[in-house]
Amino acid sequence: MSVPTVTLNDGHTIPQLGFGVFKVDPAETTRIVTDALEVGYRHIDTAAIYGNEEGVGRAIASSGIGRDDLFVTTKLWNDKHSTADAFDAFDESLEKLGLDFVDLYLIHWPSAANDRYVEAWKALEKIRESGRARSIGVSNFLVPHLTRLLAETDIVPVVDQIELHPALQQPETTAFARERGIQIEAWGPLGQGKYPLFEEEAVTAAAQAHGKSPAQTVIRWHLQMGNILFPKSNNRTRMAENFDVFDFALTTEEVDAISALERDGRVGTHPDEVN
Ligand code: NAD
């Protein structure tokens, strides 16, 4: 069964399920992304700071998959928010990826202490105008950052990529973003393996009822919540498991029981602490 797409506020579409490469060793990235593409993933989420854009690019180049059948995201790092640095960083990312354009370019963190994310966004607006990023968005932006961006710039981000999993659903940010046509991308969708999500009764009971694994159940919860996600695994068997989620659906009760696992359980860093 094919991966559903989500239509962004600029008319482009994005596969709702992709593959993320945070902490994927640069030396192993080509092999791992090649595995992911062979499994069927067509949406890859990387970032300049991951240091593995070249490996992603090599896997894409050797895959034989048509460029228009792929969706590639990369991100601008925090020390590159000045206009000149943002342009240079974008050129460098494109070169490392070996691509003429990316599908989505994100500001990685607001880095509010540096107070330059509005300037960075204006650079991204120009990059989008040039056609070398088809869509632009943000990551780790909370309501105050989104509010300021919308007030001071022209283009509404297509997505906000934030930490999101059953223990941390960020209701305030997701509601604010969705009301303004900004789609939510969930990073750390499996809680980065840092808390016993897969042992929660709500997850194991639903998994058992559908003959699926806890990871598949959590991925299905995200899909039914309308989140875009790209779980990461270096292991091809798990990549395939995480992709095999389109032949079942959770009931409303099962979705609600998993949503009830909310406990403000952040596993990553709070956006105010990353500069
Ligand atoms: P994740 O929630 O996808 O967790 C990955 C970990 O879950 C794996 O390392 C593995 O330990 C475990 N796992 C994966 N599949 C499993 C399975 N089937 N069964 C059991 N365990 C399994 O965490 P993530 O990689 O941090 O997040 C996904 C992607 O989000 C990243 O790769 C990256 O692209 C993006 N991300 C973005 C930001 C940001 O600041 N914008 C931050 C972190 C991650």
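To be clear, the structure that these remarks concern was listed above.
Residues numbered from 1 in each chain as written. Predicted model: local features only at pLDDT ≥ 70, side-chain atom pairs only at ≥ 80, totals over all residues. Heavy atoms only, no water.

Engineer: Any details on the site of the ligand? Residues and values, ideally.
Structural biologist: The full set close to the ligand counts 24 residues, and Asp-45, Ser-139, Leu-190, Gln-192 and Asn-242 are the nearest of them. Ser-139 is positioned such that a nitrogen or oxygen atom in its side chain is 2.8 Å from a nitrogen atom of the ligand. Interatomic distance of 2.8 Å between a side-chain N/O atom of Asn-242 and a nitrogen atom of the ligand. Contact with the protein chains hides 89% of the accessible area of the ligand, taken as 830 Å² for the molecule alone. In terms of residue count, helix H9 (residues 236-243) provides more of the shell around the ligand than any other element does, 3 residues in total. Looking at the shell around the ligand, its residues break down into 11 nonpolar, 9 polar and 4 charged. (Near = heavy atom within 4 Å. Polar contact = N/O pair within 3.5 Å; in protein donor to acceptor, adjacent residues only side chain to side chain. Areas by Shrake-Rupley, 256 points an atom, 1.4 Å probe, with all protein chains shown as cover. Helix = DSSP H or I, 4+ residues; strand = E, 2+ residues; numbered from the N terminus. Nonpolar A, V, L, I, M, F, W, Y, C, P; charged D, E, K, R; others polar.)

Engineer: Residue-level account of the nonpolar core, with values.
Structural biologist: Where a protein is soluble and globular, its nonpolar side chains tend to be buried together. Among the nonpolar cores identified, the biggest contains 72 residues, and Leu-17, Phe-19, Val-21, Tyr-105 and Trp-121 are the most heavily contacted of them. It is helix H4 (residues 117-130) that provides the largest number of residues to this core, a total of 7 residues. Ignoring any residue separated from it by four or fewer positions in sequence, one finds Tyr-105 in contact with Thr-74, Lys-75, Leu-76, Ala-86, Ala-89, Phe-90, Leu-124, Ile-127, Ala-133, Ser-135, Ile-136 and Gly-137. In terms of nonpolar packing, the next biggest core, distinct from the first, is built from 10 residues, Ile-14, Leu-104, Leu-106 and Phe-230 among them. (Core = buried A, V, L, I, M, F, W, Y, C linked by side-chain atoms within 4.5 Å. Buried < 20%, exposed > 50% of the residue type's maximum accessible area, 1.4 Å probe, protein only. Contact = heavy atoms within 4.5 Å.)

Engineer: Please provide a residue-by-residue account of the sheet that holds strand S10 (residues 228-229), values included.
Structural biologist: Sheet architecture is open: 8 strands sit in the order S3-S4-S5-S6-S7-S8-S9-S10, paired in parallel fashion. Unpaired on one side and paired on the other, strand S3 (19-20) and S10 mark the two borders of the sheet. Pairing of strand S9 (residues 183-187) with S10, which is carried by 2 bridges, proceeds in the parallel orientation. Of the residues in S10, the one forming a bridge with Ala-186 is Leu-229. (Pairing = 2+ DSSP bridges.)

Engineer: I'd like a rundown of helix H2 (residues 53-63), residues and numbers included.
Structural biologist: Turning to H2, its buried residues are Glu-53, Gly-55, Val-56, Gly-57, Ala-59 and Ile-60. The elements touched by buried residues of H2 are helix H1 (26-39), strand S4 (43-45), strand S5 (71-76) and helix H3 (83-97). Trailing H2 by a residue or two, Gly-64 shows a phi angle of about 75°, which is positive.

Engineer: For the pattern of salt bridges, give the residues involved together with the corresponding values.
Structural biologist: As a working rule, side chains carrying opposite charge can pair if their charged atoms are close by. The final tally for this structure, using the stated rule, is 16 salt bridges. The partner of Glu-119 in a salt bridge is Arg-116, with the nearest N and O atoms 3.0 Å apart. We classify Glu-119 as partly exposed; its relative accessible area is 26%. Look at the salt bridges and you will find they share partners, linking Glu-28, Arg-31, Asp-35, Glu-38 and Arg-236 into a network. (Salt bridge = Lys/Arg side-chain N within 4 Å of Asp/Glu carboxyl O.)

Engineer: I'd like to hear about the packing of helix H7 (residues 201-210) against helix H10 (residues 252-259), residue by residue, with values.
Structural biologist: Their axes nearest at 9 Å, the elements H7 and H10 cross at an angle of 155°. Here H10 runs roughly antiparallel to H7, going by the angle between their axes. When the axes of H7 and H10 are compared, the crossing they make is left-handed. Contacts between H7 and H10 involve Ala-202, Val-203, Ala-206, Ala-209 and His-210 on the former and, on the latter, Glu-254, Ala-257 and Ile-258. Residues that form the contact of H7 with H10 fall into these classes: 6 nonpolar, 1 polar and 1 charged. (Axes fitted to C-alpha atoms, helices over the stretch in contact; angles between N-to-C directions. Parallel < 35°, antiparallel > 145°, perpendicular 65-115°, else oblique. Left-handed = near helix turned anticlockwise from the far one by under 90°.)

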